[in-house]
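One letter stands for each residue in the lines below.
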Amino acid sequence: MDPSVVATEKMRLPRRGRPIFWAFQRPLHLERLALLAQRVSGVAILVYLFFHIFVTGTLTEGRGVWESTMGALSNPLMHLGEWLVVVAATFHAVNGIRVMLLELTPLVGKPARPDYPYEAKSLGKGQRSVLYVAMLMTSLAGLAGVVIFWGP
């Protein structure tokens, strides 16, 4: 037997054309959903950035254009959008810090062979607690945003 052969199984290539379904494949666990939320919040923040640059750019066209743009954006739907930006940015930042902690600290744990039944061994107690803190901080930022936008 050749010592350079690692496995005798055929390699399964990833299926193309369904870019988000990887997040809902079995086994479904919290870390995979957090990664999906990280990607979605990052794209949402990027879209908001372009929208923000466009709206701020109307300031160069004069005071009347700026005031009409701000008048058009002063409605409850836009306040909801701003609130979603606050929640997305908070989750994205705190979850990004969690991922950095996983990469730079011993929270990941020792590597283990992936034997059947496949369980997410990477989400240990330390990682899970940091993920819960991220979700708690996102919830608190969401509540703060509700008080700021629609408070007393």
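Everything that follows concerns the structure shown earlier in this document.
Here we summarise the structure given alongside this text. Model, not experiment: these values are computed from the prediction.

The terminal C-alpha atoms of helix H1 (residues 30–57) lie 40 Å apart, and with 28 residues this matches the ideal 40 Å at 1.5 Å per residue to within 8%. Here H1 has its buried residues at Glu-31, Arg-32, Ala-34, Leu-36, Gln-38, Ser-41 and Val-55. Elements that come into contact with the buried residues of H1 comprise helix H2 (63–72), helix H3 (76–104) and helix H4 (125–150).

Assignment of secondary structure puts Thr-58 in the loop between H1 and H2. In contact with Thr-58, other than residues within four places in its own chain, are Val-65, Trp-66 and Thr-69.

Let us look at the packing of H1 against H3. The interhelical angle for the contact between H1 and H3, taken along N-to-C directions, is 130°, at an axis separation of 9 Å. With respect to H3, the axis of H1 lies oblique. At the point where H1 passes H3, the crossing takes the left-handed sense. Residues Ala-34, Ala-37, Gln-38, Ser-41, Gly-42, Ile-45 and Tyr-48 of H1 form the contact with H3, whose participating residues are Val-85, Ala-88, Ala-89, Phe-91, His-92, Asn-95, Gly-96 and Arg-98.

This part is about the environment of Ala-44. Looking at where Ala-44 falls in the secondary structure, it is placed in helix H1. Residues Ala-44 and Ala-88, 44 residues apart in the sequence, show an inter-C-alpha distance of 7.5 Å.

If you walk through the whole model with that rule in mind, you get one salt bridge. Ionic pairing is found between Glu-67 and Arg-63, a salt bridge with its closest N-O pair at 2.9 Å. Of this pair, Glu-67 and Arg-63 are both found in helix H2, four residues apart, which corresponds to roughly one turn of the helix. Judged by relative accessible area, Glu-67 falls into the partly exposed class, the value being 44%. Take Arg-63: its relative accessible area is 66%, and that puts it in the exposed class.

Moving on, we come to H3. The first and last C-alpha atoms of H3 sit 42 Å apart over 29 residues, in line with the 42 Å expected at 1.5 Å per residue. Within H3 the residues assigned to the buried category are Ala-88, Thr-90, Phe-91, Val-94, Asn-95, Arg-98 and Leu-102. Contacts from the buried residues of H3 go to H1 and H4. At the N-terminal boundary of H3, the capping side chain belongs to Asn-75, with an oxygen 3.1 Å from the backbone nitrogen of Leu-77.

Moving on: the environment of Leu-102. Tracing the backbone shows Leu-102 in helix H3. For Leu-102 and Gly-126, which are 24 residues apart along the polypeptide, the C-alpha to C-alpha distance reads 9.2 Å.

In this section: a nonpolar patch on the surface. Judged by side-chain polarity, Leu-77, Leu-80, Leu-84, Val-146 and Trp-150 come together as a nonpolar surface patch covering roughly 460 Å² of accessible area. Those elements giving two or more residues to the nonpolar patch turn out to be H3 and H4. Looking at where Leu-77 falls in the secondary structure, it is placed in helix H3. Here Leu-77 falls in the exposed class, since its relative accessible area comes to 61%.

The next thing to look at is the packing of H3 against H4. Working note: a packed helix pair is described by the angle between its axes plus the distance between those axes. One can describe the packing of H3 onto H4 by two numbers: an axis separation of 9 Å at closest approach and a directional angle of 160°. One finds that H3 runs roughly antiparallel with respect to H4. As for the relative orientation of H3 and H4, their crossing is right-handed in sense. Counted by class, the contact of H3 with H4 contains 17 nonpolar, seven polar and two charged residues.

Basis of the calculations
- Residues numbered from 1 in each chain as written.
- Predicted model: local features only at pLDDT ≥ 70, side-chain atom pairs only at ≥ 80, totals over all residues.
- Heavy atoms only, no water.
- Helix = DSSP H or I, 4+ residues; strand = E, 2+ residues; numbered from the N terminus.
- Expected span 1.5 Å × (residues − 1).
- Buried < 20%, exposed > 50% of the residue type's maximum accessible area, 1.4 Å probe, protein only.
- Contact = heavy atoms within 4.5 Å.
- Axes fitted to C-alpha atoms, helices over the stretch in contact; angles between N-to-C directions.
- Parallel < 35°, antiparallel > 145°, perpendicular 65-115°, else oblique.
- Left-handed = near helix turned anticlockwise from the far one by under 90°.
- Salt bridge = Lys/Arg side-chain N within 4 Å of Asp/Glu carboxyl O.
- Polar contact = N/O pair within 3.5 Å; in protein donor to acceptor, adjacent residues only side chain to side chain.
- Patch = residues over 30% accessible without salt bridge, like charges linked within 9 Å, V, L, I, M, F, W, Y side chains within 5 Å.
- Areas by Shrake-Rupley, 256 points an atom, 1.4 Å probe, with all protein chains shown as cover.
- Nonpolar A, V, L, I, M, F, W, Y, C, P; charged D, E, K, R; others polar.

Keep in mind these numbers describe shape, not what the thing actually does.
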